[in-house]
Amino acid sequence: MDHSLKIYNSLSKEKEIFQPLHPGRVGMYVCGPTVYSDVHLGNCRTFVSFDVIYRYLLHKGFKVRYVRNITDVGHLLDDGEDRMSKGARVSQLEPMEVAQKYSNGFHDMMRMFNALPPSIEPRATGHIPEQIEMVQTILANGYAYEINGSVYFDTLKFIQEKGIYGMLSGRKVDELIAESRELKKQDEKRHPADFAIWMKASEEHIMRWRSPWGEGFPGWHLECSAMSTKYLGEDFDIHGGGNDLKFPHHENEIAQNMGACRHTGAKYWLHTNMLLLNGRKMSKSDGNTISPVELFSGNSPHVSKGYSPMVVRFFMLQTHYRSTLDLTDEALQAAEKGYRRLMEANQALQGLAHPGPDIKGPLDEEIQTLMGQVEEEINDDFNTPKTLARLFELVSKINSLKDGHLSFEGLTSSTLDQLKTLFREFIFDIFGLQDEAQGGGDSAALDGLMQLIIEMRADARQRKDWPTSDKIRDTLKELHIQLKDSKEGTAWVKE
RNA sequence: GGUCGGGUGGCCGAGUGGCUAGGCAGAGGUCUGCAAAACCUCGUACGGCAGUUCGAAUCUGCUCCCGACCUCCA
């Protein structure tokens, strides 16, 4: 059985066996959000994907330094205005207030999705000296030029000397020349493919810092180069982000890294695919959009009801991170049921006691094989849908054992224990799911109450008092509590 | 237009030369006072047209359709 981790590298366009630069340690940088408005659901998908990757690396025993930045400067709009400044102007706040407000919202959302916080969450504005230093290095190396207080990366020269520009996005410079849009300040650039690494601040520009080239602000791509270098070194293991960042952001990042320290930065580049709504890209302008909050509350024409964060997370795991994920109401409903099935099976499993005797037979082997496959699937480029498929095959076994359709004969108690551990680890530690059916703080009282009701119904059933027992069952159903009868007694679950 | 990724059973979604995931929905059965839950069985799908092959959904060519990116984007 192959237990090595394989990762698809966007740089080589192939799956490669993961070998960390330093044994036992992994450095991972993921491009975080620009905090100028509420988090987009698509952001959530990307960060949930990397959360699973982070969690799995931790599970494998790696010491992981996970850096995910917050962009709070330099990300310009079409008209040349800074996204942060615009947010500040529109709501009459300090740019830092805008950044703080949406950072808080972003963190709240990540918590709802049960995404682990990164080890370091650096902000672009907190690393202006590092960025200025990098600009100086790139200038000194001859891959940039200064004009009127702005500094541009000399893409053409870089291409001529290094010949690697475009390796990530598969782009060619001739095309870049021919198709580049008309942009403000483009006239300053020597070549349309050049990009700003330091921008001179105009009179009305609020966010500005002193630099060797006058007052200005850093270019959008620079922060990631500067901060990844600072916290992970000139060479590190994994760099991740959304597909849409491949070009120009990551392409330029690589160019900057090469321009500054002659390294590409990360060894493995991972890109998550886009989230679609009803088969097409989410877009505010044509109404084809839904926010995380709307999705949770059901307050949107695109969904028939609300879906909990864990259902949404499970839904995301059912698709591979490199495939587009199409959000539809129907698919969410299916995911909700699947999620519950998995959770309930796990609860049943954790409660299973081996009746003995402890003998190894065909069932033991079958379960061992499936458990091995679970591990194999996640090792194959974090294939969560396939991993889930394997877990669901085990769910059938678990439910059969619980219901007595399958005998414990031939299953060792050690394998049963391993299975319990495997489920706990995959569901909670790696997939990061939480059991929402497990009641909140009032669960002790509720449990007692439900126990009483279930006993009363059992009495009624013994007396063949069907109207009473059915009334209990139906009334609870209306309260979204479902009773599940089996040979072992009655269980209940919140719907 | 350029670049890239797709089109898989009613829906979602893996897979990728023969052994043909999984979830949801559906049908039949077991169980049940009746249900629900659970379990068992079932559908034999891979856009179209050619070709390679003993064998293709999987490879090649052509074609149709969809999506993303092309300096706003996770």
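Throughout, residues of each chain are indexed from 1 in the direction in which the sequence is written. Each chain takes a letter, starting from A, and each ligand takes a number, starting from 1, following the order in which they are written. It should be noted that, the model being predicted, local features are given only for residues of pLDDT at least 70 and side-chain atom pairs only at 80 or more, the latter also being counted only at that level, while totals for whole chains, interfaces and linings use all residues. Hydrogens and waters are ignored; side-chain quantities use all the structure's heavy atoms.

**Some thoughts on the pattern of salt bridges**
To keep things clear, this is the line we draw: Counted as salt bridges are all cases of a side-chain nitrogen of Lys or Arg within 4 Å of a carboxyl oxygen of Asp or Glu. Secondary structure follows DSSP: runs of H or I at least 4 residues long count as helices, runs of E at least 2 residues long count as strands, and numbering of each begins at the N terminus. For each residue, the accessible area found with a 1.4 Å probe, counting protein chains only, is set against the maximum for its type, and the residue is called buried under 20%, exposed over 50%, and partly exposed in between.
Applying the stated rule across the entire model yields 22 salt bridges. For E344, the salt bridge is made with K484, and the minimal N-O distance between the two is 2.2 Å. Here E344 is found in helix α11 (residues 329-350), whereas its partner K484 is found in strand β14 (residues 481-486), with 140 residues between them in sequence. Classification of E344 as partly exposed rests on a relative accessible area of 24%. Among the charged side chains, a salt-bridge network with shared partners connects E377, K386, R390 and E393.

**Structural notes on empty space enclosed by the protein**
Condition: Buried and open spaces are told apart on a 1 Å grid over the protein atoms alone, a cavity being a set of points where a 1.4 Å probe fits but cannot get out and a pocket being an open set with protein on both sides within 12 Å along at least five of seven lines. Residues with an atom within 4 Å of a point are the lining residues. Grid points are joined across faces, edges and corners, and a volume is the space filled by probe spheres set on the points. Three classes are used, and their members are as follows: Ala, Val, Leu, Ile, Met, Phe, Trp, Tyr, Cys and Pro are nonpolar, Asp, Glu, Lys and Arg are charged, and the others, Gly among them, are polar.
In total, this model carries one cavity of 30 Å³ or more according to the counting rule given. Of the voids in this model, the largest cavity is the one considered here, and its volume is about 90 Å³. For the largest cavity, the full set of lining residues is R45, V48, S49, V52, I53, M316, L317, T319, H320, Y321, F382 and T384. Of all the elements in the fold, those that place two or more residues in the lining of the largest cavity are α1 (41-59) and α10 (309-317). A total of five residues in the lining of the largest cavity trace back to one element, the largest contributor, which is α1. Here the residues of the lining of the largest cavity are counted per class, giving seven nonpolar, four polar and one charged.

**Side note on unusual backbone geometry**
That bond from F247 to P248 is cis: its omega, 0°, falls within 30 degrees of zero. With respect to the helices and strands, the residue P248 is situated in helix α8 (residues 246-261). Positive phi outside glycine occurs at N114, with the angle close to 60°. With respect to the helices and strands, the residue N114 is situated in the loop between α3 (95-112) and α4 (128-140). The exposure class of N114 is buried, given its relative accessible area of 17%.

**Considerations on the nonpolar core**
Side chains of a nonpolar character, in soluble globular proteins, are inclined to be buried together. Let me state the cut-off plainly: Within this scheme, the nonpolar core is defined by two criteria: the residues are buried Ala, Val, Leu, Ile, Met, Phe, Trp, Tyr or Cys, and they are joined through side-chain atoms within 4.5 Å. Any two residues having at least one pair of non-hydrogen atoms within 4.5 Å are treated as being in contact.
In terms of nonpolar packing, the biggest core is built from 80 residues, with L57, L342, F423, F431 and L433 touching the most fellow members. For this core, the element with the highest residue contribution is α1, accounting for 10 residues. Once you skip the residues sitting within four places of it in the chain, F431 turns out to touch V52, R313, L317, I378, T384, T387, L388, L391 and F426. Ranked by size, the runner-up nonpolar core spans 36 residues in total, among them Y29, I128, A226 and L245.

**Brief notes about helix α12 (residues 362-379)**
Each full turn of the α-helix corresponds to 3.6 residues, which orients residues three or four apart in the same direction. The test is simple: Each residue after the first adds 1.5 Å to the expected span of a helix.
When the terminal C-alpha atoms of α12 are compared, their 26 Å separation across 18 residues agrees well with the 26 Å that a helix rising 1.5 Å per residue should span. Taken residue by residue, α12 has L363, D364, I367, L370, M371, G372, V374, E375, E377, I378 and N379 as its buried positions. Turning to α12, the residues buried within the fold contact β1 (6-9), α1, α13 (384-403) and α14 (413-430). Backbone geometry just after α12 places D381 at a positive phi near 55°.

**Comments concerning the environment of T272**
Note that T272 resides in strand β10 (residues 266-272). Since its relative accessible area comes to 0%, T272 is described here as buried. The contact partners of T272, leaving out residues within four places of it in the chain, are T46, S49, F50, G241, G242, N243 and Y321.

**Considerations on the confidence of the model for chain A**
Note the following rule: pLDDT is a per-residue confidence score from the predictor, ranging from 0 to 100.
In the predicted model, chain A carries a mean pLDDT of 87, and 93% of its residues have values of at least 70. Per-residue pLDDT stays below 50 along residues 178-185; that stretch engages in eight contacts with residues further than four places along the chain or on separate chains. The complex model carries a pTM of 0.92, and its ipTM stands at 0.91.

**Section: α11**
For α11, spanning 22 residues, the distance from its first C-alpha to its last is 32 Å, which sits close to the expected 32 Å at 1.5 Å a residue. Where α11 is buried, its residues touch α9 (292-297), α10, β13 (325-327), α13 and α14.

**Notes on the sheet that holds strand β11 (residues 275-277)**
To be explicit about the condition: DSSP bridges decide pairing: two strands pair if at least two such bridges lie between them.
One open sheet accounts for three strands, arranged β12-β11-β13; its pairing is mixed. Edge strands, defined here as strands with exactly one partner in the open sheet, are β12 (280-281) and β13. Bridge count for β11 against β13 is three bridges, and the pairing is parallel. Paired with L277 across the bridge in β13 is L327.

**Here we look at the pairing of β1**
Residues in a regular strand project their side chains so that they alternate between the two faces of the sheet. Because side chains alternate across β1, one face comprises the buried residues I7 and N9, and the other comprises K6 and Y8, none of which is buried. Hairpin geometry of β1 and strand β2 (residues 14-17) is characterised by an intervening segment of four residues between the two adjacent antiparallel strands and by a positive phi of about 60° at K13.

**Topic: the layout of surface pockets**
The volume enclosed by the second largest pocket comes to roughly 970 Å³. What lines the second largest pocket is a set of 31 residues, among which E344, Q347, K484, A491 and W492 lie closest to the centre. Of all the secondary-structure elements, those providing two or more residues to the lining of the second largest pocket are α11, α13, α15 (443-462), β14 and β15 (489-494). The leading source of residues in the lining of the second largest pocket is α11, at seven residues. Across the lining of the second largest pocket, the residue classes tally to nine nonpolar, 11 polar and 11 charged.

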